[in-house]
Amino acid sequence: MAGNNKLIDIYIHKTLLNSDALHNYILETNVFPREHPCLKELREMTENHHGNIMIVPADEGQLISLLVKLINAKKTMEIGVYTGYSLLSTALALPSDGKVFALDISREYFELGLPMIKKAGVDHKIEFREGHAVDLLDEILQDENNKGTFDFIFVDADKNNYLNYHKKVIELVKIGGLIGYDNTLWSGSVAAPADAPMNDLIRSLRDYVIEFNKYIAKDSRVEICQLSVGDGITLCRRID
C-alpha cells in the first residue's frame, strides 16, 4: 500500500508541475500583479489579434526584464518583434540612456504595439529596423565597432534561421553578455517521436529546432541553460 501511495504522489507531482492550473497560479500570483499597465494593455490587445500565438508569454517577459536588470544591460537587440511585448519589457528595464535595436521583416505588427510603447515613455530607447534579419545583421557586422558590444540579444524569429542568427549574434554580444533563444522546446515536439501527431507548422520546423538545440549544446563559446518557461527559452552566456 505504501508503494502505491508513493506512485500516486509522484504522478500527482508530475501532473501538477505540467498543468495549466500551476501556470495560471504563477501568472496570477507573481506576474500579473507586477505587470506594467502598458504591458498589460499591449498583451490584452495582442490576445485578440489573429497572430497572437507569436506573443511572448507574460512570465517570459518578466524573466527578460529581470535578466536585463541583473546584467546592467544598456545595449540590446531583439530579432523578431511582432507587436512588441518582449520589446517593451526590455525597454522598460533599460536605463534612460539604454538602447534596443529591434529587427523585424515587417513594421506592420510593431505599429500595433507602438501606441503602448509611446504611452510607457520608452519609444526613444528603441531603434526599429525593417528587413530580413540575416541581412540586417550582416549590415551591423560590417561596422567593427559593433562587434562584442551588445549586452543582451533576444531571438524570437523564423526557427529555420536560428543557426544562421547564432553564427552572427555570437560576434555581436560581448564576453559575459547573454543571448536568449525563444521556442526551443517547440510545443514539446523536440521530445516527441518523429511520427507523433502534430500540426503542420510544428512539424515543418521541428527538425530545425532540434538541430539548433544540438548545436548550441556543443558550442564551447557559451554557457547555456534551457528553461521550460513559455515555449522554452535557452539562455547563452558568451565566454569566448
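Residues numbered from 1 in each chain as written. Predicted model: local features only at pLDDT ≥ 70, side-chain atom pairs only at ≥ 80, totals over all residues. Heavy atoms only, no water.

Visitor: Which parts of the structure should I look at to understand the overall build of the protein?
Guide: For the protein, the helix and strand inventory stands at nine helices and seven strands. Its C-alpha atoms give the protein a radius of gyration of 19 Å, near enough to 18 Å, the size a compact globule of 240 residues would have. In the protein, which comprises 240 residues, the proportion classed as buried is 47%. Here the protein displays about 12600 Å² of accessible surface, and carbon together with sulfur accounts for 53% of that area. Treating the 26 positive side-chain charges of the protein as one cloud and the 35 negative ones as another, the clouds have centres 5 Å apart. (Helix = DSSP H or I, 4+ residues; strand = E, 2+ residues; numbered from the N terminus. Rg over C-alpha atoms; globule rule 2.2 N^0.38 Å. Buried < 20%, exposed > 50% of the residue type's maximum accessible area, 1.4 Å probe, protein only. Areas by Shrake-Rupley, 256 points an atom, 1.4 Å probe, with all protein chains shown as cover. Lys, Arg positive; Asp, Glu negative; His and termini not counted. Charge placed at Lys NZ, Arg CZ, Asp CG, Glu CD.)

Visitor: Please clarify how the pattern of salt bridges should be interpreted in this entry.
Guide: Two side chains of opposite charge can pair, provided their charged atoms sit close to one another. Inspection of every chain in the model, using the stated rule, returns 14 salt bridges. A salt bridge links E127 to R129, with the shortest nitrogen-to-oxygen separation between them at 2.7 Å. What makes E127 partly exposed here is its relative accessible area of 27%. Judged by its relative accessible area of 26%, R129 falls in the partly exposed class. A salt bridge links E144 to K147; the shortest N-O distance between them is 3.1 Å. A relative accessible area of 30% means that K147 is categorised as partly exposed. Each of the salt bridges in this network shares a partner with another, and the network as a whole consists of E35, R43 and E47. (Salt bridge = Lys/Arg side-chain N within 4 Å of Asp/Glu carboxyl O.)

Visitor: Teacher, can you tell me more about the packing of helix α3 (residues 37–47) against helix α5 (residues 85–93) here?
Guide: Remark: α3 packs on α5, axes separated minimally by 10 Å, with the N-to-C direction vectors making an angle of 175°. For the element pair α3 / α5, the angle class is roughly antiparallel. Here α3 contributes C38, L39, L42 and R43 to the contact with α5, which in turn contributes Y85, L88, S89 and L92. Of the residues belonging to the contact of α3 with α5, the class tally is six nonpolar, one polar and one charged. (Axes fitted to C-alpha atoms, helices over the stretch in contact; angles between N-to-C directions. Parallel < 35°, antiparallel > 145°, perpendicular 65-115°, else oblique. Contact = heavy atoms within 4.5 Å. Nonpolar A, V, L, I, M, F, W, Y, C, P; charged D, E, K, R; others polar.)

Visitor: Honestly, the sheet that holds strand β5 (residues 173–182) in this entry has me stumped. Any pointers?
Guide: Hydrogen bonds between backbone groups are what pair the strands of a sheet, and the pairing can be parallel or antiparallel. Taken in spatial order, the seven strands of this open sheet run β3-β2-β1-β4-β5-β7-β6, and their pairing is mixed. Only two strands of the sheet have a single partner each, and these edge strands are β3 (126–130) and β6 (222–227). The sheet shows a mean angle of 15° between the axes of neighbouring strands, taken without regard to direction. Two elements, β5 and strand β7 (residues 233–238), share five bridges in a ladder whose sense is antiparallel. Looking at the pairing, I179 lines up with C236 of β7. (Pairing = 2+ DSSP bridges.)

Visitor: Can you help me understand the nonpolar core in this one?
Guide: Here is a general trend for soluble globular proteins: nonpolar side chains tend to be buried in one another's company. Core analysis: the biggest nonpolar cluster contains 36 residues, and V68, L87, L88, F110, I117 and I126 have the highest contact counts within it. When sequence neighbours within four positions are dropped, the list of residues in contact with I117 reads L87, L88, F110, V122, D123 and I126. Counting residues in hydrophobic clusters, the runner-up holds 26 residues, among them L141, F150, I153 and V155. (Core = buried A, V, L, I, M, F, W, Y, C linked by side-chain atoms within 4.5 Å.)

Visitor: Hey, could you run me through the packing of aromatic side chains in this one?
Guide: Here the distance between the centres and the angle between the planes together describe a pair of aromatic rings. For the structure on display, the rule yields six aromatic pairs. Relative to F150, the ring of F101 lies with its centre 5.6 Å away and its plane at 65°, an arrangement referred to as edge-to-face. Of this pair, F101 sits in strand β2 (residues 99–104) while F150 sits in strand β4 (residues 150–155), placing them 49 residues apart in sequence. For F150, a relative accessible area of 1% translates into the label buried. In textbook terms, an aromatic cluster arises when at least three aromatic residues are bridged by ring pairs, as seen for Y162, Y181 and F212. Here K75 stacks its cationic end above the ring of F150, 4.5 Å away from the centre of that ring. (Phe/Tyr/Trp six-rings, centres within 6.5 Å; stacked < 30°, edge-to-face > 60°. Lys NZ or Arg CZ within 6 Å of the ring centre and 35° of its normal.)

Visitor: Looking at this structure, I do not really get the pairing of β6. What am I missing?
Guide: Each regular strand carries side chains that alternate between the two faces of the sheet. Strand direction decides the pairing type here: β6 and β7, joined by six bridges, are antiparallel. Across the sheet, Q226 pairs through a bridge with T234, a residue of β7. In textbook terms, the turn of a hairpin is the stretch between consecutive antiparallel strands, and for β6 and β7 this stretch comprises five residues, one of which, G230, has a positive phi near 60°.

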